[in-house]
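Listed below, chain by chain, are the residues.
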Amino acid sequence: MNAQEIIDFIARAPKKTPVKLTVREKSGAHIDWEAGDGAGAADPVRVYGGRKCRIVYGNWADLEPVLERCKDDIAHFEIENDCRNSAVPLLDLKGVNARIEPGAIIRDQVEIGDNAVIMMGAIVNIGAVIGEGTMIDMGAVLGGRATVGKRCHIGAGTVLAGVVEPASATPVIIEDDVMIGANAVVLEGVHVGRRAVVAAEAA
């Protein structure tokens, strides 16, 4: 996606608060979990299990009114959620031919090349590009539209600053075969040439 397409994607994306409810309903209760107020109709409510342990997934805008309306039919419940009014979902990783370790946060509209490695705690924002065979080490941050070439190593704790708006802004560009040491900070607009080495903690 080009910069303007990313800007438009974020602007048009519905703001969602996905939640997981674990609910124990009282004996005799008949709760219609899909009868919310319709604010999140694009994401249908999904219900699993039985009265003693029901798992409900959906948008908080749909489920909150059901909880309030049916509170006398509920013995107890727990709510889990990890974002609020989020416009950009996480990337669907199932078809990505790369090694992605637990705890990495990768948002939608990110490109990941074959055999890349993304380690624990890395954060990759919308529009970023990671070339094939590149390693994004632990805790590294790739801001919006940051571009990393092939066979690079982005060291642990490194920040490649992001820039989504304005569309004319130049993102960080890292060419092929670059090594960036741990905890370096590369500001937006910087272009690092092929086979360069950037020292640890450089800024």
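From a predicted model like this one, the values you see are computed outputs, not experimental measurements. (Residues numbered from 1 in each chain as written. Predicted model: local features only at pLDDT ≥ 70, side-chain atom pairs only at ≥ 80, totals over all residues. Heavy atoms only, no water.)

Q: Is there a simple way to think about the overall build of the protein chain in this case?
A: Across its full length, the protein chain holds two helices and 20 strands. What you see for the protein chain is a C-alpha radius of gyration of 21 Å, clearly larger than the 17 Å of a compact globule of 203 residues, by over 25%. Across its three principal directions, the C-alpha atoms of the protein chain cover 70 × 30 × 30 Å. Taking all contacts inside the protein chain whose residues are at least 6 apart in sequence as the whole, residues at least 24 apart take part in 38%. Accessible surface for the protein chain amounts to roughly 10,800 Å². Of this, 51% is attributable to carbon and sulfur atoms. (Helix = DSSP H or I, 4+ residues; strand = E, 2+ residues; numbered from the N terminus. Rg over C-alpha atoms; globule rule 2.2 N^0.38 Å. Contact = heavy atoms within 4.5 Å. Areas by Shrake-Rupley, 256 points an atom, 1.4 Å probe, with all protein chains shown as cover.)

Q: Just to check I follow, could you spell out the sheet that holds strand β10 (residues 129-130) for this structure?
A: Each strand in a sheet pairs with its neighbour through backbone hydrogen bonds, running either in the same direction (parallel) or in the opposite one (antiparallel). Strand order across the open sheet formed by five strands is β7-β10-β13-β16-β19, with parallel pairing between neighbours. Each edge of the sheet is formed by a strand with only one pairing partner; in this case those strands are β7 (111-112) and β19 (191-192). Across two bridges, strand β13 (residues 147-148) lies against strand β16 (residues 173-174) in parallel orientation. Paired with T147 across the two strands is I173, which belongs to β16. (Pairing = 2+ DSSP bridges.)

Q: Before we go on, may I ask you to explain a nonpolar patch on the surface in this structure?
A: A cluster of nonpolar side chains, contributed by L90, I105 and I123, occupies part of the molecular surface with about 270 Å² of accessible area. Examined against the element boundaries, I123 turns out to sit in strand β9 (residues 123-124). (Patch = residues over 30% accessible without salt bridge, like charges linked within 9 Å, V, L, I, M, F, W, Y side chains within 5 Å. Salt bridge = Lys/Arg side-chain N within 4 Å of Asp/Glu carboxyl O.)

Q: Explain the layout of surface pockets here, please?
A: Rolled over the atoms, a probe as big as a water molecule pinpoints where empty space is left. Each pocket or cavity is described by its volume, and for the largest pocket that value is around 560 Å³. Taken together, 21 residues line the largest pocket, and the ones lying closest to its centre are K16, P18, C83, P89 and L90. Listing elements by their share of the lining of the largest pocket, those giving two or more residues are β1 (18-25) and β3 (53-59). Per-element tally for the lining of the largest pocket: the top contributor is β3, with three residues. (1 Å grid on protein atoms, 1.4 Å probe; cavity = no way out; pocket = protein on both sides within 12 Å on 5 of 7 lines; lining within 4 Å. Points joined across faces, edges and corners; volume = space filled by probe spheres on them.)

Q: Please clarify how the pairing of β1 should be interpreted in this entry.
A: A regular strand places its side chains on the two faces of the sheet in alternate fashion. Along β1, the buried face is formed by V19, L21, V23 and E25; none of P18, K20, T22 and R24, which line the opposite face, is buried. Sheet topology note: the β1/β3 ladder contains six bridges and is antiparallel. In the sheet register, V19 faces β3, and the bridge partner there is G58. Here six bridges tie β1 to strand β4 (residues 74-80), and the two strands are oriented antiparallel to one another. Each bridged residue has a counterpart across the sheet, and for K20 the counterpart in β4 is E80. (Buried < 20%, exposed > 50% of the residue type's maximum accessible area, 1.4 Å probe, protein only.)

Q: Sorry if this is basic, but what is going on with the pairing of β3 here?
A: Extensive coverage of β3 is indicated by the burial of five of its seven residues. With five bridges connecting them, strand β2 (residues 46-50) and β3 associate as antiparallel partners. Residue pairing for β3: G50 is matched across the bridge by C53. Hairpin connection of β2 to β3: two residues between the antiparallel strands.

Q: When you look at the environment of K15 in this model, what are you seeing that I'm missing?
A: Within the element layout of this structure, K15 appears in the loop between α1 (3-12) and β1. With 160 residues separating them along the chain, K15 and E175 place their C-alpha atoms 35 Å apart. Non-local contacts of K15, meaning those with residues more than four positions away in its chain, are made with I10, N85, S86 and A87. A polar atom in the side chain of K15 sits 3.0 Å from the backbone oxygen of A13. (Polar contact = N/O pair within 3.5 Å; in protein donor to acceptor, adjacent residues only side chain to side chain.)

Q: Can you walk me through the packing of aromatic side chains in this structure?
A: Pairs of aromatic rings are described using the distance from one ring centre to the other and the angle between the two planes. Using the criterion set out here, one finds one aromatic pair in the structure. Relative to Y57, the ring of Y48 has its centre 6.1 Å away and its plane inclined at 75 degrees; by these criteria the two rings are edge-to-face. Here Y57 falls in the partly exposed class, since its relative accessible area comes to 29%. (Phe/Tyr/Trp six-rings, centres within 6.5 Å; stacked < 30°, edge-to-face > 60°.)

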